[in-house]
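# Fold and geometry: a report
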Amino acid sequence: MKDNTKNKTGKFNIKLNYWTGLIIYAVVLLIVGICVYIYTGSCVKKYENSQSDKVMDGFLKDFEKMVDDKTLADNIELPASSEFEGKDTFVNMYMSELDGTTDYTCKKLEGSYNTEEPMYDIYADDKKVARMTLEAKDQHVVLGILTVFDWKIKSIEPVFSAKTNDYTVSIPEGYTFTVNGITVSDDYKTGKVTENPDFVNVSKYVTMPKSVEYKLTGFVNKPEIKIYSAAGSEVAVNVDSKGNITAGAGWDSSDMPSDRK
């Protein structure tokens with residue numbers, strides 16, 4: 001009589017091994033799938049967090065911190081004010097406009113299509129006060145298709161305007177003048193030379209000093225201008241309706257050449 005027990009046992013072992021292998025394979029696939037899912041999710045999240053709109057929140061806080069600790073002035077460029085008022089005139093005016101700000105927001109500049117150098121306008125209590133440009137300092141690709149950027153601040157341009165005034169000063173040759181106590185050099189001469197109206201009659205007979213013109217620009221505050229004769233005496237200052245300044249004719253007779261006397 002044929003013994004089928006051994007055959008049945010062999011078939012059972014084969015089926016057991018098949019199902020065991022199938023289960024192990026399925027578990028491995030599941031583990032791999034979970035790892036891929038986690039990695040993909042991590043890459044996508046990393047990509048999303050690297051977008052410039054996301055990192056601007058942090059840079060906006062950096063801007064606010066620079067305002068609070070007064071270091072913003074070291075990271076911006078403002079036009080130079082007149083050397084006679086001090087180089088920090090505009091900086092101080094700009095920083096004072098940010099005093100008391102309670103809320104800072106930002107908005108991507110419309111038309112800023114450069115993905116590696118996006119620009120954002122910064123608002124202090126709804127007033128635009130600066131434009132920040134970012135720069136992609138490093139980049140790498142994840143999942144073969146997504147580019148992840150690391151960012152830094154490339155520049156901060158202040159949005160600022162101040163009303164300034166320019167002055168034209170005409171003085172006789174040989175005269176000097178000061179602005180806020182600082183002697184004005186010949187660098188400010190315009191090259192324009194005219195006859196001094198106070199010397200019109202005298203100049204018919206002898207050569208009298210002409211009037212030379214100086215141009216002073218970029219004043220926020222009204223300057224103190226003093227004009228001195230060749231002998232060093234302060235002379236009267238005349239100001240017309242347009243703010244042009246001229247010196248009254250005056251001289252020390254002891255220093256005057258005999259022909260002019």
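Scroll up for the structure.
Residues numbered from 1 in each chain as written. Predicted model: local features only at pLDDT ≥ 70, side-chain atom pairs only at ≥ 80, totals over all residues. Heavy atoms only, no water.

## Quick look at the pattern of salt bridges
To keep it simple, the criterion reads: The term salt bridge refers to a pairing of a side-chain nitrogen on Lys or Arg with a carboxyl oxygen on Asp or Glu at a separation within 4 Å. Note on conventions: DSSP H or I runs of at least 4 residues are helices, E runs of at least 2 residues are strands, and numbering of each starts at the N terminus.
Per the counting criterion, the structure on display carries eight salt bridges. A salt bridge links Glu97 to Lys127, with the nearest nitrogen and oxygen atoms 3.5 Å apart. Of this pair, Glu97 sits in helix 3 (residues 89-98) while Lys127 sits in strand 3 (residues 127-142), and the two are 30 residues apart along the sequence.

## Considering the pairing of strand 6 (residues 176-179)
The following threshold applies: Strands pair, by our definition, only if DSSP identifies at least two bridges between them.
Relative to strand 10 (residues 225-228), strand 6 runs antiparallel, the two sharing four bridges. The residue of strand 10 that forms the bridge with Thr178 is Lys226. With two bridges connecting them, strand 6 and strand 7 (residues 182-183) associate as antiparallel partners. Bridge pairing in strand 7 places Val179 opposite Ile182.

## Observations concerning helix 3
The cut-off we apply is this: Under the scheme applied here, a residue whose accessible area is under 20% of the maximum for its type counts as buried, over 50% as exposed, and between as partly exposed, the area being computed with a 1.4 Å probe on protein chains only.
For helix 3, the complete set of buried residues consists of Thr89, Phe90, Val91, Tyr94, Met95 and Leu98. Just beyond helix 3, the residue with positive phi is Gly100, at close to 80 degrees.

## Some words on the packing of aromatic side chains
For the record, the criterion: Aromatic rings from Phe, Tyr and Trp, taking only the six-membered ring of Trp, are treated as a pair when their centres fall within 6.5 Å; an angle between ring planes under 30 degrees marks them as stacked, one over 60 as edge-to-face, and anything in between as tilted.
Under the defined criterion, the tally for this structure stands at seven aromatic pairs. Relative to Phe160, the ring of Tyr94 has its centre 5.8 Å away and its plane inclined at 85 degrees; by these criteria the two rings are edge-to-face. Linking Tyr94 in helix 3 with Phe160 in the loop between strand 4 (146-158) and strand 5 (165-172), this pair joins segments that are 66 residues apart in sequence. The class for Phe160 is buried, based on a relative accessible area of 18%. Measuring from ring centre to ring centre gives 5.0 Å for Phe177 and Tyr214, while their planes differ by 80 degrees; the resulting arrangement is edge-to-face. In this pair, Phe177 sits in strand 6 while Tyr214 sits in strand 9 (residues 210-219), placing the two residues 37 residues apart along the sequence. Of the aromatic side chains, those joined through ring pairs into one cluster are Phe84, Tyr167, Tyr188 and Phe219.

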